[in-house]
Protein chains: 2
Amino acid sequence: MTLLQETQGGKVPESIVRAAGREGVDATELAREVAAGRAVVPANRVHARGSLSPLAIGRCVSTKINANLGASAVKSSLAQEKAKLELALRAGADAVMDLSTAGDLDAIREMVVDQSPAPVGTVPMYEMVLHRDVEDLKVADMLAVIAKHAEQGVDFFTIHAGILREHLPHAVNRVGGIVSRGGALLAKWMVHHSRQNPLYEHFDEICAIMREYDVAFSLGDGLRPGALADAGDEAQYRELRTLAELAERARQAGCQVMIEGPGHVPLNQIEEQIRYQQEVCAGAPFYVLGPLVTDIGAGYDHIAGAIGATLAAYYGASFLCYLTPREHLGLPDEEAVREGVVVFKLAAHAADVARGFPGARQRDDAMSAARARFDWPKMFELALDGEKAKSMRQQDACPGDDYCTMCGRKWCAVRINNEVKEMLAAQQP
Amino acid sequence: MTLLQETQGGKVPESIVRAAGREGVDATELAREVAAGRAVVPANRVHARGSLSPLAIGRCVSTKINANLGASAVKSSLAQEKAKLELALRAGADAVMDLSTAGDLDAIREMVVDQSPAPVGTVPMYEMVLHRDVEDLKVADMLAVIAKHAEQGVDFFTIHAGILREHLPHAVNRVGGIVSRGGALLAKWMVHHSRQNPLYEHFDEICAIMREYDVAFSLGDGLRPGALADAGDEAQYRELRTLAELAERARQAGCQVMIEGPGHVPLNQIEEQIRYQQEVCAGAPFYVLGPLVTDIGAGYDHIAGAIGATLAAYYGASFLCYLTPREHLGLPDEEAVREGVVVFKLAAHAADVARGFPGARQRDDAMSAARARFDWPKMFELALDGEKAKSMRQQDACPGDDYCTMCGRKWCAVRINNEVKEMLAAQQP
């Protein structure tokens, strides 16, 4: 039985107890949310027996973030991927995806599963076309790769089963076209063979493999808008409705499901898009990439994405895929990975505070209290990236704790406020 | 006559024609908005005769951003301030404030006014306490400093006239207390002397000086919340209502007015706060500092601020004061200034796109079109910070234009999309 099936039978499996325990939520309640398809605990049986520390994703728990790692044909190596993984986890990534498209893929994937207590995701499609052109890809090859990733202990797969042949005319003439790698490859396959998406046609066989190892689906949005101009278009919404149908089929087959989302979306469309997704997908956890609120942020796209992500998580998304400053420009290096993780932790946290998630604001209140009493060690402990905050503070010589170089001691509002407080207290009769 | 008075008399002064021309809006319409107090064109007569290129701030024009510059007692110099000014303007700052609290203040201020085509703001309060303790400050000293800044050509002053003695008990026991420098200094003066805020009591005399040089008010929020816990509290709202009264008095006296806003505000309170400010202040341009949507972002507070600022500008703010990565930690250096400016340009632009400001999205559409055809020079031209984007792209060896190191050539979705497009077109009968 899969986790989903156990919870549907009224059980509270150990993975769910552990995931609930990590955030101080009630395990029975989390199990009910998993049973209803509104939360997932991606936990491949192989990884669960090893290094995995089970993690819940859904509206009943705190907002989670994913860091995309992986080597590309032109960059990175096993050693660099190991370094990026460690760095991403230390910076606070809740989950990681290994999106490698070059190098020894098995070795990298096995290293990541072995080393990561965080759930690990992959996009099996990438390996399918590693040593062949996409046109030459056979269904048996596809299923074999999916089965291998499942055996290796990957906890969730992005499967682009929702991009259909009939969607393509709506997508290719967009301003941004098809910007998902998996989506674009499958589109090429479909057009070349004049056939339907093989991942859609063989969805039940994929479900059977994933059920065996209890791999969760992350239904990929191969037609996500990659430009503001394309947001909310026919291509995006037709695919989303297909994803909603597939989500139901996957759950019937015993598999947990998340739905992937955009992309590039103007700020004013985010609420509507998220609410629509939650409605058609019956509350399935929504896993968004940004969304980026402008197309002109190159070099700062982690920020364009974090603005959209904060709003998305406030309105209903549960899982945020980070972007790094190198988005649209090149593969992230270690510094970019760290920056992306911290900025998306900030977005997730700000959204949790805004939606009143229990306990979220305590850390802000403790930070502000520490700031008011000039308790720098406490501030560095509470900051999202205390290391960076500390190094910035120490960059300037600043003798004395009760001010910083921003205003200097005499003009420090925090220090003066404390004086005013004492003066007012002394004036009390 | 001041600009405000001229527009109220039905005239369309040259400064307004020039400010309207810069953004392709109708000058008569802009003059009407200025007359109604819903837009400002800060233009000190002295600066207007010199380097100033007049700039409009309000909902009828694009969202503007301000960069705070200035030396503190522990950091910077005239030369460094000149470098920071040039850098801020090159990065796209629409206005700058010189917040120096040390060094040769007159020399720095005169240099900034002389060199800056952008409107220049100051907080005269800082200079008032330069060579004395705040308790020793006399009203005559205050007015003398204000008059000197006006003569030197400063276009807008932050005047903390709205923080009243009776507000203080609501503020000092907050989690974050009083976090505005000017507010904290005035609070200390009021408590020490057991008297009302002198800037409030002598507001008409201040108006008279500002009218003479046509300096615009930026009514400072000395009680802005500096912690999420303090957002929307009595102290903040009582001061805001006082600011609304003062705004009306200033306009009666012929002066243009902006209202300053928070601070630290949870995301879910931003819409309500902005709408309330617009209502009580009769649509006066709202000039916000962030707001920061979390307190734990030290080292990344420009991002915590940009998230709030994007939403604020979407809902009604017209003018965004940048934050830099060094906020709460130290005085920004040149790299921090540049980073702050670009990130707030991004926020302002994303908000303009979201509110459907005419023409705003054209740049995004052109960027995405350039991306789809791998036109890298065009992308660097359209990006908010093309220099940085270009240097990131060039960091990796990437022979060939039709991909980047993110995916490599074979996996590049943009390239594959173009192939699919051609294949589909070829299949058309």
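Scroll up to find the structure this text is about.
The sections below set out a description of the structure shown in this document.

Rules used throughout
Residues numbered from 1 in each chain as written. Chains lettered and ligands numbered in written order. Predicted model: local features only at pLDDT ≥ 70, side-chain atom pairs only at ≥ 80, totals over all residues. Heavy atoms only, no water. Salt bridge = Lys/Arg side-chain N within 4 Å of Asp/Glu carboxyl O. Helix = DSSP H or I, 4+ residues; strand = E, 2+ residues; numbered from the N terminus. Buried < 20%, exposed > 50% of the residue type's maximum accessible area, 1.4 Å probe, protein only. Phe/Tyr/Trp six-rings, centres within 6.5 Å; stacked < 30°, edge-to-face > 60°. Lys NZ or Arg CZ within 6 Å of the ring centre and 35° of its normal. Expected span 1.5 Å × (residues − 1). Core = buried A, V, L, I, M, F, W, Y, C linked by side-chain atoms within 4.5 Å. Contact = heavy atoms within 4.5 Å. Axes fitted to C-alpha atoms, helices over the stretch in contact; angles between N-to-C directions. Parallel < 35°, antiparallel > 145°, perpendicular 65-115°, else oblique. Left-handed = near helix turned anticlockwise from the far one by under 90°. Nonpolar A, V, L, I, M, F, W, Y, C, P; charged D, E, K, R; others polar. Buried area = accessible area lost by both parts, 1.4 Å probe. Polar contact = N/O pair within 3.5 Å; in protein donor to acceptor, adjacent residues only side chain to side chain. Arc of directions from axis to C-beta.

Time to look at the pattern of salt bridges. Counting across every chain of the model gives 58 salt bridges over all chains. Ionic pairing is found between lysine 388 of chain A and glutamate 339 of chain A, a salt bridge with its closest N-O pair at 3.1 Å. You can see lysine 388 of chain A sitting in helix α19 (residues 386-395) and its partner glutamate 339 of chain A sitting in helix α16 (residues 334-354), a full 49 residues away along the chain. The residues lysine 388 of chain A and glutamate 339 of chain A share a single accessibility class, namely buried. For the salt bridge of arginine 393 of chain B with aspartate 401 of chain B, the shortest nitrogen-to-oxygen distance reads 4.0 Å. The exposure class assigned to arginine 393 of chain B is buried, which follows from its relative accessible area of 9%.

We now examine the packing of aromatic side chains. Counting across every chain of the model gives 14 aromatic pairs over all chains. Taken together, a centroid distance of 6.1 Å and an interplanar angle of 70 degrees make the contact between phenylalanine 156 of chain A and phenylalanine 319 of chain A edge-to-face. Residue phenylalanine 156 of chain A is located in strand β6 (residues 156-159), and its partner phenylalanine 319 of chain A is located in strand β10 (residues 319-321); the two are separated by 163 residues in the primary sequence. Under the relative-accessibility criterion, phenylalanine 156 of chain A is labelled buried at 0%. Pairing tyrosine 314 of chain B with tyrosine 315 of chain B gives two aromatic rings, centres 5.0 Å apart and planes at 55 degrees, and the pair type is tilted. Put simply, the rings of Phe156, Tyr287 and Phe319 of chain A pair up and form one aromatic cluster. Across from the ring centre of tyrosine 200 of chain A, 6.0 Å away, lies the NZ or CZ of arginine 249 of chain A, which sits over that ring.

Okay, helix α13 (residues 234-252) of chain A next. Residues and elements named next belong to chain A. Taking 1.5 Å per residue as the helical rise, α13 with its 19 residues ought to reach 27 Å, and the 27 Å between its terminal C-alpha atoms agrees with that figure. Residues Ala235, Gln236, Tyr237, Glu239, Leu240, Thr242, Leu243, Ala244, Leu246, Ala247, Ala250 and Arg251 constitute the buried set of α13. Just beyond α13, the residue with positive phi is glycine 254, at close to 95 degrees.

With 287 residues, the main nonpolar core has Phe217 of chain A together with Phe217 of chain B as its most contacted residues. Beyond its immediate stretch of four places on either side in the chain, phenylalanine 217 of chain B contacts Phe157, Ile159, Phe203, Ile206, Cys207, Met210, Ala250, Cys255, Gln256, Val257 and Met258 of chain B.

Now for the packing of helix α15 (residues 301-315) of chain B against helix α16 (residues 334-354) of chain B. Residue and element names in this part refer to chain B. The contact between α15 and α16 brings their axes to 8 Å, and the two run at 25 degrees. In this view, α15 runs roughly parallel relative to α16, as classed from their interaxial angle. Crossing of α15 against α16: the hand is right-handed. For the pair α15 and α16, the contacting residues are His302, Gly305, Ala306, Ala309, Thr310, Ala313 and Tyr314 in the first and Glu339, Val343, Phe344, Ala347, Ala350, Ala351 and Ala354 in the second. Across the contact of α15 with α16, the residue classes tally to ten nonpolar, three polar and one charged.

Turning to the interface of chain B and chain A, a few remarks are in order. With 107 residues of chain B at the interface, the matching set in chain A holds 105 residues. Regarding the contact of chain B and chain A, the summed buried area is about 9100 Å², with carbon and sulfur atoms giving 67% of it. Here aspartate 396 of chain A makes a salt bridge to arginine 326 of chain B, at a shortest N to O gap of 2.6 Å. There are 27 residue pairs in polar contact (both at pLDDT 80 or more) connecting chain B and chain A. Looking at the side of chain B that touches chain A, the elements that each hand over two or more residues are α10 (181-193), α14 (267-280), α15, α16, α17 (362-372), α18 (376-382), α19 (386-395) and α20 (413-427) of chain B. Per-element tally for the side of chain B that touches chain A: the top contributor is α20 of chain B, with ten residues.

Take helix α2 (residues 14-23) of chain A next. Residues and elements named next belong to chain A. Every buried residue of α2 is listed here: Ser15, Ile16, Ala19 and Ala20. Projected down its long axis, α2 shows its buried positions confined to an angular sector of 130 degrees, all on one face. Residues of α2 that are exposed and angled more than 90 degrees away from the buried face: Glu14 and Gly21. In the core, the buried residues of α2 are packed alongside α1 (3-8) and α3 (27-35). Remark: glycine 24 follows α2 within two positions and exhibits a positive phi of approximately 65 degrees.

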